[in-house]
Amino acid sequence: MRRFAAALAVLAASAGLTVLAVAPAHAYGNAFFHTQSTGNRGVDVVAIQHLLTQHGHAAPATGVFDPGTVAAVRAFQTAKGLGVDGIAGPKTWAALAPTVRAGDSGEAVKALQLELNAKRRLNLAVSGRFDAATTTAVRGFQEHAGIGVDGIAGPATWKNLVWHHDYPDFGQGICDQDPDGNGAAANWGTGAAVAQLEQAAKVFAATGQGKLPMGDFGFEHGGTIPGHGSHQVGLDVDLWPVRTDSAQCTAGRITWRSSTYDRAATRELVKTIRAAAPGHVKLVFFNDPTLIDEGLTTSYPNHDNHLHVRYCEAVHPNNLYVC
């Protein structure tokens, strides 16, 4: 791993790029397939759609788990003798993801390339051809994850890759804030959580009320994060309330009691967050009593100056994150 990281750093330096320093995963003992269902969006959803098409159950690669995707999942589950619920849980994922290797081609390879690009911040061509660059990327991920390095995407590689966290696109109406000193290393979340936040930020930015300031999300491989009691599984993210001058990304954080607090815009923001992930927002901690009375947020100590959004999955090992 050290040799791979050193080589990557040299390569990046020669190209004038900056590499985000992160610790290797060392074989994720807690890796699992993130369950995806109606309302989810993101790279894991689009991977499922490509895999469904690979198996003959066409699902347009929209990245949104829509009714067409539900129908395709149900058809696949029926064909495979699985429980038919239209939800892509661990058993459905395992049946969907075939072993692919150098020389293979098709929709499953596209799914693999998309996952590698999102989870390892790469720029592979999503060609559907398992070429030399894809082999190198798979080997790099396997070394990063601490699993067997053979360049073949088999069951362990797929599970670890789907489990691995994603990194937000800060061009989607999001600005990066760092109140707890954890830096860019704390910007990672699950594929669905990241995409759902990006969608909300994009919609909100279009209203002309400024960008969405994002505090800590989580670490690349989860785990304890300084300054937080949660944020350990990639489904919790902190956001700033909106200011009346729309300068929440540049003029500093405020509380719901501040004279520059824009309740109407913050209300709209919360509604947008929920609309971008229907059925997948477990709660929003924020102590504005009006928004609490309206059922939009929930009171929690020390949440006067930020919104804590908790996303959820239809199935999750931790009950706090079950929708």
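Residues numbered from 1 in each chain as written. Predicted model: local features only at pLDDT ≥ 70, side-chain atom pairs only at ≥ 80, totals over all residues. Heavy atoms only, no water.

### Here's the deal with the overall build of the protein
Then comes step 1: Secondary structure summary: the protein contains 10 helices and 5 strands in total.
Then comes step 2: With respect to the principal axes defined by its C-alpha atoms, the protein has extents near 60 × 50 × 35 Å.
Then comes step 3: The buried share of the protein, reckoned over its 323 residues, is 50%.
Then comes step 4: In the protein, the proportion of contacts linking residues at least 24 apart, taken out of those at least 6 apart, comes to 62%.
Then comes step 5: Accessible surface, the protein: about 13400 Å² in total, of which carbon and sulfur atoms supply 54%. (Helix = DSSP H or I, 4+ residues; strand = E, 2+ residues; numbered from the N terminus. Buried < 20%, exposed > 50% of the residue type's maximum accessible area, 1.4 Å probe, protein only. Contact = heavy atoms within 4.5 Å. Areas by Shrake-Rupley, 256 points an atom, 1.4 Å probe, with all protein chains shown as cover.)

### A closer look at the nonpolar core
Then comes step 1: Counting residues in each nonpolar core, the largest one holds 37 residues, and the members touching the most others are Ile-48, Leu-51, Leu-52, Val-100, Leu-112, Leu-116 and Trp-158.
Then comes step 2: Among the elements of the structure, α2 (43-54), α3 (67-80), α4 (90-96), α5 (107-120), α6 (132-145) and α7 (155-163) are those that each provide at least two residues to this core.
Then comes step 3: Within the second largest apolar cluster, 32 residues are counted, among which are Val-194, Phe-204, Leu-239 and Trp-256. (Core = buried A, V, L, I, M, F, W, Y, C linked by side-chain atoms within 4.5 Å.)

### Focus: helix α9 (residues 263-276)
Then comes step 1: For α9, built from 14 residues, the straight-helix expectation of 20 Å at 1.5 Å per residue is met to within 8% by its first-to-last C-alpha distance of 20 Å.
Then comes step 2: By the burial criterion, the buried members of α9 are Ala-265, Thr-266, Leu-269, Val-270, Thr-272, Ile-273 and Ala-276. Summarising the axial view, the buried residues of α9 lie within an arc of 160 degrees, below the 170-degree limit, and thus occupy one face.
Then comes step 3: Contacts from the buried residues of α9 go to α8 (191-205), β2 (212-214), β3 (236-239), β4 (281-285), α10 (289-293) and β5 (307-311). (Expected span 1.5 Å × (residues − 1). Arc of directions from axis to C-beta.)

### Things to note about the pattern of salt bridges
Then comes step 1: For the structure shown, the criterion picks out 9 salt bridges.
Then comes step 2: Asp-236 is paired through a salt bridge with Arg-310; the nearest N and O atoms lie 2.7 Å apart. With Asp-236 in strand β3 and Arg-310 in strand β5, this pair connects stretches of sequence that are 74 residues apart.
Then comes step 3: Arg-267 serves as the salt-bridge partner of Glu-294, at 2.8 Å between the closest nitrogen and oxygen. Taken together, the residues Glu-294 in the loop between α10 and β5 and Arg-267 in helix α9 connect sequence positions 27 residues apart.
Then comes step 4: Taken together, the shared-partner salt bridges connect Asp-44, Glu-115 and Lys-119 into one network. (Salt bridge = Lys/Arg side-chain N within 4 Å of Asp/Glu carboxyl O.)

### Digging into unusual backbone geometry
Then comes step 1: Its identity is not glycine, yet His-231 carries a phi of approximately 60 degrees, on the positive side.
Then comes step 2: Mapped onto the elements of the fold, His-231 is located in the loop between β2 and β3.
Then comes step 3: Take His-231: its relative accessible area is 1%, and that puts it in the buried class.
Then comes step 4: Of note in the backbone geometry, Asn-302 takes a positive phi value of approximately 70 degrees without being a glycine.
Then comes step 5: Looking at where Asn-302 falls in the secondary structure, it is placed in the loop between α10 and β5.

### What to know about α6
Then comes step 1: Over its 14 residues, α6 extends 20 Å from the first C-alpha to the last, a length consistent with the 20 Å expected when each residue adds 1.5 Å.
Then comes step 2: Turning to α6, its buried residues are Thr-134, Ala-137, Val-138, Gly-140, Phe-141, Gln-142, His-144 and Ala-145.
Then comes step 3: Positioned one or two residues after α6, Gly-146 has a phi angle of 75 degrees, which is positive.

### Observations concerning the pairing of β3
For a regular strand, side-chain orientation follows a simple rule: the groups alternate between the two sheet faces.
Then comes step 1: Residues Asp-236 and Asp-238 of β3 are buried on one face, and the alternating residues Val-237 and Leu-239, pointing to the opposite face, are buried as well.
Then comes step 2: In the sheet, β3 pairs with β5 via 4 bridges, with the strands oriented antiparallel. Across the sheet, Val-237 pairs through a bridge with Val-309, a residue of β5. (Pairing = 2+ DSSP bridges.)

### Here's the deal with the side chain of His-50
Then comes step 1: Note that His-50 resides in helix α2.
Then comes step 2: According to the relative accessible area criterion, His-50 is buried, its value standing at 10%.
Then comes step 3: In contact with His-50, other than residues within four places in its own chain, are Ala-61, Glu-107, Lys-110, Ala-111 and Leu-114.

### Remarks on the state of the cysteines
Then comes step 1: Applying the stated criterion across every chain, the model contains 2 disulfides.
Then comes step 2: Linked covalently through their sulfurs, Cys-175 and Cys-249 form a disulfide whose S-S length is 1.9 Å. Here Cys-175 and Cys-249 share a disulfide; its torsion about the S-S bond, -85 degrees, makes the bridge left-handed. Remark: Cys-249 occurs in the loop between β3 and α9 and Cys-175 occurs in strand β1 (residues 174-176); sequence separation between them is 74 residues.
Then comes step 3: Using a relative accessible area of 24% as the deciding quantity, one classes Cys-249 as partly exposed.
Then comes step 4: Each disulfide pairs two cysteine sulfurs, and for Cys-312 the partner residue is Cys-323, the sulfurs being separated by 2.1 Å. The sign of the S-S torsion, about 105 degrees, decides the handedness of the disulfide formed by Cys-312 and Cys-323: right-handed. Note that Cys-312 is positioned in the segment after β5 and Cys-323 in the segment after β5, a separation of 11 residues in sequence.
Then comes step 5: We classify Cys-312 as buried; its relative accessible area is 3%. (Disulfide = S-S within 2.5 Å.)

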